[in-house]
Amino acid sequence: MQRKPIIAGNWKMNKNAAEGAALVEEIVAAVGQDHAVEVVVCPPFTALESVSSKLESSGVKLGAQNLYPEASGAYTGEISAEMLRHLFASYVILGHSERRAYFAEDDAFINRKVRHAIANQLRPILCVGETLEERDGGKTLEVVRRQLEGGLEGVENGDAPLLVIAYEPVWAIGTGKTATPEMAQEVHAFIRQILAKRFNKTAAGKIRILYGGSMKPSNAAELLAQADIDGGLIGGASLEAKSFFELIQAAKQRS
Ligand code: 13P
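Residues numbered from 1 in each chain as written. Predicted model: local features only at pLDDT ≥ 70, side-chain atom pairs only at ≥ 80, totals over all residues. Heavy atoms only, no water.

(A) Summary view of the site of the ligand. Neighbouring residues of the ligand: Asn 10, Lys 12, His 96, Glu 168, Ala 172, Ile 173, Gly 174, Gly 213, Ser 214, Leu 233, Gly 235 and Gly 236. Here an oxygen atom of the ligand and a side-chain polar atom of Asn 10 are 2.9 Å apart. Residue Gly 174 places a main-chain N or O atom 2.6 Å away from an oxygen atom belonging to the ligand. Burial of the ligand by the protein chains amounts to 95% of its free accessible area of 310 Å². When grouped by side-chain class, the residues that make up the shell around the ligand number 3 nonpolar, 7 polar and 2 charged. (Near = heavy atom within 4 Å. Polar contact = N/O pair within 3.5 Å; in protein donor to acceptor, adjacent residues only side chain to side chain. Areas by Shrake-Rupley, 256 points an atom, 1.4 Å probe, with all protein chains shown as cover. Nonpolar A, V, L, I, M, F, W, Y, C, P; charged D, E, K, R; others polar.)

Right, dumping it as structure tokens:
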């Protein structure tokens, strides 16, 4: 398999600095020096520093859940890419459906963030996915295409390998409902096709496409067995070391 699988934990608004450090200590101990799967943890901003301090000398990587696409200035409440880099973050989740829904983020704004992340040596995990209404209306592929093309506008071919895409059907997030492996694979293959048109086939073949939405140890293996599912972006099941580690083990079968 040419693409190294990724298991990324999106902690969302959970875990304070001390709780985050304790959780990641357990994850680091479980993972040890096994680098077959790329493991990423994305704590809230307030736990980035304490979590980061536990990651030194481990292969586990740090990601943030958002950034503001300006270098510095009068943007009350916002966090810059440079601040994240300073805490040794290497990834940043962008365009998550919760930010699209609750904070009215549109594709143009998300695109600014994607380009800003790349310009500042952070690897974007760009999230796309349809709502239940859109799926029921037969609009899934149209929505995913729009979000993907909009989010990636102006990204240079040479930067394609930095990208990670997460397909997260909104109706599967935090609901216990998972897309069937076939449903997910259909969209993942479609995403790779769009990436091949947007960049080229070789670049598209290298970009990791993660599935997100109620992924847990009981359903991970069959999702991860699909040709274009290169890992997972995990919410609920990333908040405990045991289930998160089981997902890492499931992804290892792919590596
Ligand atoms: P759940 O795994 O809790 O459904 O969340 C998925 C998600 O939104 C990850 O970004």
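Let's pick the thread back up.
(B) The packing of helix 5 (residues 107–119) against helix 7 (residues 140–151), seen in detail. Across the interface, helix 5 lies against helix 7 with an axial gap of 8 Å and an inter-helix angle of 45°. Considering the angle they form, helix 5 stands oblique to helix 7. For the pair helix 5 and helix 7, contact is made by Asp 107, Asn 111 and Val 114 and by Arg 146, Gln 147, Gly 150 and Gly 151, respectively. Looking at the contact of helix 5 with helix 7 residue by residue, the classes come out as 1 nonpolar, 4 polar and 2 charged. (Axes fitted to C-alpha atoms, helices over the stretch in contact; angles between N-to-C directions. Helix = DSSP H or I, 4+ residues; strand = E, 2+ residues; numbered from the N terminus. Parallel < 35°, antiparallel > 145°, perpendicular 65-115°, else oblique. Contact = heavy atoms within 4.5 Å.)

(C) Representation of unusual backbone geometry. In the Ramachandran plot, Phe 88 falls in the positive-phi region, its phi being about 70° despite a non-glycine side chain. When you line up the elements, Phe 88 lands in the loop between helix 3 (81–86) and strand 4 (91–94). You can call Phe 88 exposed: its relative accessible area is 65%. Although it is not a glycine, Gln 121 adopts a positive phi angle of roughly 60°. Locating Gln 121 in the fold gives a position in the loop between helix 5 and strand 5 (123–128). (Buried < 20%, exposed > 50% of the residue type's maximum accessible area, 1.4 Å probe, protein only.)

(D) The arrangement of the pairing of strand 7 (residues 208–211) in detail. Of the two faces of strand 7, the one carrying Arg 208 and Leu 210 and the one carrying Ile 209 and Tyr 211 are both buried. By the bridge criterion, 4 bridges tie strand 6 (residues 164–167) to strand 7 in an arrangement that is parallel. Note that in strand 7 the partner of Ala 166 across the bridge is Leu 210. (Pairing = 2+ DSSP bridges.)

(E) Here's a closer look at the side chain of Arg 192. Tracing the backbone shows Arg 192 in helix 8 (residues 181–198). Judged by relative accessible area, which is 10%, Arg 192 ranks as buried. Those residues in contact with Arg 192 that lie beyond four places of it in its chain are Arg 3, Ala 204, Gly 205, Ile 207, Ile 209, Asp 228 and Asp 230.

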